[in-house]
Amino acid sequence: MKPIFADEAAIKVAAKLLSQGRLVAFPTETVYGLGADASNPIAINRIFQAKGRPSDHPLIVHIAGIDNLDDWAINIPDAAIRLANHFWPGPLAIILNKKPEVPLEVTGGQTTVGLRMPNHPVALQLLRVFGGGIAAPSANRFCRISPTQAAHVEKELGTVVDMILDGGVCEVGVESTIVDLSGDIPRLLRPGHITRQEIEAILQTELINVAIPKEQASSSDVRAPGMMTVHYAPLTVAMLCPHDQLTDLIKVLNLQNKTIGLLAYQYNPPENRGLHLLCMPEQADSYAQILYASLRDLDSRELDIILIEQPPNTEAWQAINDRLGKATTLSWTNH
Ligand code: TXA
Ligand code: MG
């Protein structure tokens, strides 16, 4: 299945396919989504099959506007309205208590539902023409890197989707921030482009961080697959490394004749012998934008190892550090 330029006519066809229970990959501002009619359990099951994702992992339902919140959720707290008013359309998913009629297939059997109004003209137009909610996880195989270009979707899921809408390169590049407002206290389930501070400023209260350390994460005790150890991983062994250790590490790997990819932040290698070097932007937003495409690029070169220079550990880099932690199987401190 080749990507199709997402003009008005293509979006109409896509909406028709969705209403027939088919799968449509479409762009959002974060990453490409693998969409299906959120009210159709058969269509939802197709998503799980296509991704190879366990069916107890909940999906985010994309909606056309704040007015649609109560099509899906009950007991909507004031905090949810405030966040939606401030950040939607945008890269924020809100977990709320679900309406009884929302299929359990969408929520992975849970009594809560994840909702998001994406900020991408193609996604918004598709939602308007379709007229319902679109359940859409990232359009990648389970535990693989999320797609930020239509070509990524074609490569990974081209044989199993019914249509791929091409809306260009995703602007944000990492998945949405997820805030859980279904309980008594607001919780941050996944960091993203919208930072903890920005959300806390609107909520006027502290956000409890439930992202669990990588070492403690196991598939049995996590709620969101975004928290799993191996999520977002390239196939090549990848390792996070502090700036000042890189020279030594590259020397050692060179002596072992290893082929090395390096995702550099500020590091400038003294010699570039056989090194597959990608220099990343110094701004967090620009870094996030090309992170997944860069990892895919290095991954496709069939190297022995991908080294990733540790970027700063500040708030602006939280989402990136979260994804890098999940993309890497090794870290310098393990050695
Ligand atoms: O940016 C995004 O959110 C992208 C685009 C396509 O919108 N979607 C995305 O979907 O990242 P996915 O399925 O790859 O990740 C959604 C995350 C999962 O970690 C899932 O477990 C969590 O949202 N989630 C969804 N509903 C939930 C719920 N009811 N309770 C807890 N976590 C939930
Ligand atoms: Mg995903």
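Student: Got a minute to help me understand the overall build of the protein chain in this structure?
Tutor: For the protein chain, the count of helices and strands is 10 helices and 17 strands. Scaling as 2.2 N^0.38, a compact globule of 335 residues should have a C-alpha radius of gyration of about 20 Å, and the protein chain matches this with 20 Å. For the C-alpha atoms alone, the extent of the protein chain along its principal axes is close to 60 × 45 × 35 Å. Across the 335 residues of the protein chain, 56% fall into the buried class. Nonlocal contacts in the protein chain, meaning residues at least 24 apart in sequence, comprise 67% of its contacts between residues at least 6 apart. Of the roughly 14300 Å² of accessible surface on the protein chain, a fraction of 51% belongs to carbon and sulfur atoms. Side-chain charges in the protein chain split into 27 positive and 36 negative, and the spacing between the mean points of these groups amounts to 6 Å.

Student: Looking at this model, I keep getting lost on the packing of aromatic side chains. Mind explaining?
Tutor: A ring pair, where both rings are aromatic, is described by two values, the distance of the centres and the angle of the planes. For the coordinates displayed, the defined rule picks out two aromatic pairs. Between Tyr265 and Trp317, the ring centres sit 5.2 Å apart and the planes meet at 80°, which makes this aromatic pair edge-to-face. Taken as a pair, Tyr265 in the loop between strand 14 (260-264) and strand 15 (275-279) and Trp317 in the loop between strand 16 (305-309) and helix 10 (318-327) lie far apart in primary sequence, 52 residues in all. Trp317 shares its class with Tyr265; the two are buried. An aromatic cluster is defined as three or more aromatic residues linked by ring pairs; in this entry it consists of Tyr265, Tyr287 and Trp317.

Student: What's the story with the packing of helix 4 (residues 78-87) against helix 7 (residues 196-203) in this structure? I'm lost.
Tutor: The relative placement of two packed helices comes down to the angle between their axes together with the axis-to-axis distance. Contact geometry for helix 4 and helix 7: axes closest at 9 Å, N-to-C directions at 125°. Here helix 7 runs oblique to helix 4, going by the angle between their axes. For the pair helix 4 and helix 7, the sense of crossing is right-handed. Here helix 4 contributes Ala79, Arg82, Leu83, His86 and Phe87 to the contact with helix 7, which in turn contributes Glu198, Ile199, Ile202 and Leu203. Among the residues making up the contact of helix 4 with helix 7, the classes are represented as six nonpolar, one polar and two charged.

Student: It is not clear to me how the pattern of salt bridges should be interpreted in this structure. Could you clarify?
Tutor: Two side chains of opposite charge can pair, provided their charged atoms sit close to one another. As enumerated under the stated definition, the model contains 12 salt bridges in all. In this structure, the salt-bridge partner of Asp299 is Arg144, at a minimum N-O distance of 3.6 Å. Residue Asp299 is located in helix 9 (residues 284-300), and its partner Arg144 is located in the loop between strand 8 (134-135) and helix 6 (150-157); the two are separated by 155 residues in the primary sequence. Considered together, Asp299 and Arg144 belong to a single accessibility category, that of buried residues. Between Lys326 and Asp322 there is a salt bridge; the shortest N-O distance is 2.8 Å. Residue Lys326 and its partner Asp322 are both found in helix 10; the two are separated by four residues, about one turn of the helix.

The rules we used
Throughout, a residue's number is its position along its own chain's written sequence, starting from 1. To label them, take the chains in the order written and letter them from A, then take the ligands in the order written and number them from 1. The predicted origin of the model limits local features to residues at a pLDDT of at least 70 and limits the giving and counting of side-chain atom pairs to 80 or more, whereas totals for whole chains, interfaces and linings rest on all residues. In computing side-chain values, all of the structure's heavy atoms are included and hydrogens and water are not. Strands here mean DSSP runs of E at least two residues long; helices mean DSSP runs of H or I at least four residues long; both are numbered from the N terminus. To get the radius of gyration, use the C-alpha atoms; to get the globule rule, take the number of residues to the power 0.38 and multiply by 2.2 Å. Buried residues are those whose accessible area, probed at 1.4 Å on protein chains only, stays under 20% of the maximum for their type, while exposed residues exceed 50% and partly exposed ones sit between those limits. A contact between two residues is defined here by any heavy atoms of the two lying within 4.5 Å. Computed by Shrake-Rupley with a 1.4 Å probe, the accessible areas treat only the displayed protein chains as cover when residues are assessed. For the charge count, each Lys or Arg is scored as positive and each Asp or Glu as negative, with His and the chain ends excluded. The location of each charge is read from NZ of Lys, CZ of Arg, CG of Asp or CD of Glu. The aromatic pairing rule takes the rings of Phe, Tyr and Trp, using the six-membered ring of Trp, and pairs them if the centres are within 6.5 Å, calling planes under 30 degrees apart stacked, those over 60 edge-to-face and the rest tilted. Angles run from 0 to 180 degrees between N-to-C directions of axes, and those axes are lines fitted to C-alpha atoms, restricted for helices to the stretch in contact. Each angle gets one of four labels, with under 35 degrees taken as roughly parallel, over 145 as roughly antiparallel, 65 to 115 as roughly perpendicular, and the rest as oblique. Rotating anticlockwise by less than a right angle from the far helix to the near helix defines a left-handed crossing, while the corresponding clockwise rotation defines a right-handed one. Note that Gly is not counted as nonpolar here; it falls among the polar residues with everything else outside the nonpolar set of Ala, Val, Leu, Ile, Met, Phe, Trp, Tyr, Cys and Pro and the charged set of Asp, Glu, Lys and Arg. Any Lys or Arg side-chain nitrogen located within 4 Å of an Asp or Glu carboxyl oxygen qualifies as a salt bridge.

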